[in-house]
Amino acid sequence: MLSVVIRDYEVRDFKDIVAIDAEAFGDRNPVYDAYIYVTFGSDLIVADLGGAVVGYIALVDYGKEAKIISFAVKREFRGKGIGSKLLKAAIERCKQRGKERILLEVRVSNVVAQRLYKKNGFKIIDVIPNYYNDGEDAYLMALDLKGQ
Ligand SMILES: CC(C)(COP(=O)(O)OP(=O)(O)OC[C@H]1O[C@@H](n2cnc3c(N)ncnc32)[C@H](O)[C@@H]1OP(=O)(O)O)[C@@H](O)C(=O)NCCC(=O)NCCS
């Protein structure tokens, strides 16, 4: 069993976030991405394994709604429940903040992530054609928190 601690981002985590982003989303600029999460994010929640960050989930505040703008776990630590813990922590945080809905976009081919989202109550509400740089479509998924 990995003893992962789920906590808020600290400045010393920046380089780990950049490395995880680079590994997970190779077609983007990871330093710029991490800068966006830290600067424009409302919450950046990380999975800490012995002082090193092995996963993160980034939220942006849209008033009554929140959006998950990025979510990744270091490849060698995937499939061990860390992503589930991060997603549940993000959902809890949104409930605490009184959000009515959480939104996210996911590649139509990313069935692993879609399964995790569906397991946690998210539903596909739309398809966004040509959303990614390579032309792939995105599913817009939503979790309704009203009344929860
Ligand atoms: C999506 C992601 C964050 C999930 O993180 P994770 O730590 O692997 O999540 P979990 O361990 O909680 O597993 C989630 C599910 O994926 C399966 N899974 C994911 N990666 C796996 C792997 N390498 N080996 C085996 N199973 C894996 C798990 O079995 C689990 O499914 P189940 O609950 O039906 O058994 C991670 O796969 C990732 O970083 N992917 C690349 C970036 C990405 O796609 N981000 C989402 C963008 S919208």
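That block above? That's the structure.
A quick note: this is a predicted structure, and the numbers were derived from the prediction, not measured. (Residues numbered from 1 in each chain as written. Predicted model: local features only at pLDDT ≥ 70, side-chain atom pairs only at ≥ 80, totals over all residues.)

Enquirer: Which parts of the structure should I look at to understand the nonpolar core?
Expert: Soluble globular proteins: nonpolar side chains tend toward being buried together. Ranked by size, the top nonpolar core spans 34 residues in total, and within it Tyr56, Ile57 and Ala90 carry the most contacts. Listed by contribution, the elements that provide at least two residues to this core are α1 (14-24), α2 (30-40), β2 (43-49), β3 (52-62), β4 (65-73), α3 (82-96), β5 (101-107) and β7 (138-144). Counting residues per element, this core draws most heavily on β3, at six residues. Among all residues touching isoleucine 57, those that are not within four sequence positions of it are Ile45, Ile68, Phe71, Leu86, Leu87 and Ala90. (Core = buried A, V, L, I, M, F, W, Y, C linked by C-beta atoms within 7 Å. Buried ≥ 20, exposed ≤ 12 C-beta atoms within 10 Å, placed from the backbone. Helix = DSSP H or I, 4+ residues; strand = E, 2+ residues; numbered from the N terminus. Contact = placed C-beta atoms within 7 Å.)

Enquirer: Could you clarify how one ought to interpret the sheet that holds strand β1 (residues 5-8) in this entry?
Expert: In a beta sheet, neighbouring strands pair by backbone hydrogen bonds and run either parallel or antiparallel. Across the sheet, which stays open at both edges, the seven strands sit in the order β1-β2-β3-β4-β5-β7-β6 with mixed pairing between neighbours. The open sheet is flanked by β1 and β6 (123-128), the only strands paired with a single partner. Strand-to-strand twist across the sheet, computed as the mean angle between neighbouring axes with direction ignored, equals 25°. In terms of strand pairing, β6 meets β7 through five bridges, oriented antiparallel. Within β7, the position partnered with isoleucine 128 by the bridge is alanine 138. The strands that α1 touches are β3 and β4; relative to β3, the one it contacts most, it runs at about 85°. (Pairing = 2+ DSSP bridges. Axes fitted to C-alpha atoms, helices over the stretch in contact; angles between N-to-C directions.)

Honestly, that's just the spatial picture; any functional story needs more than this.
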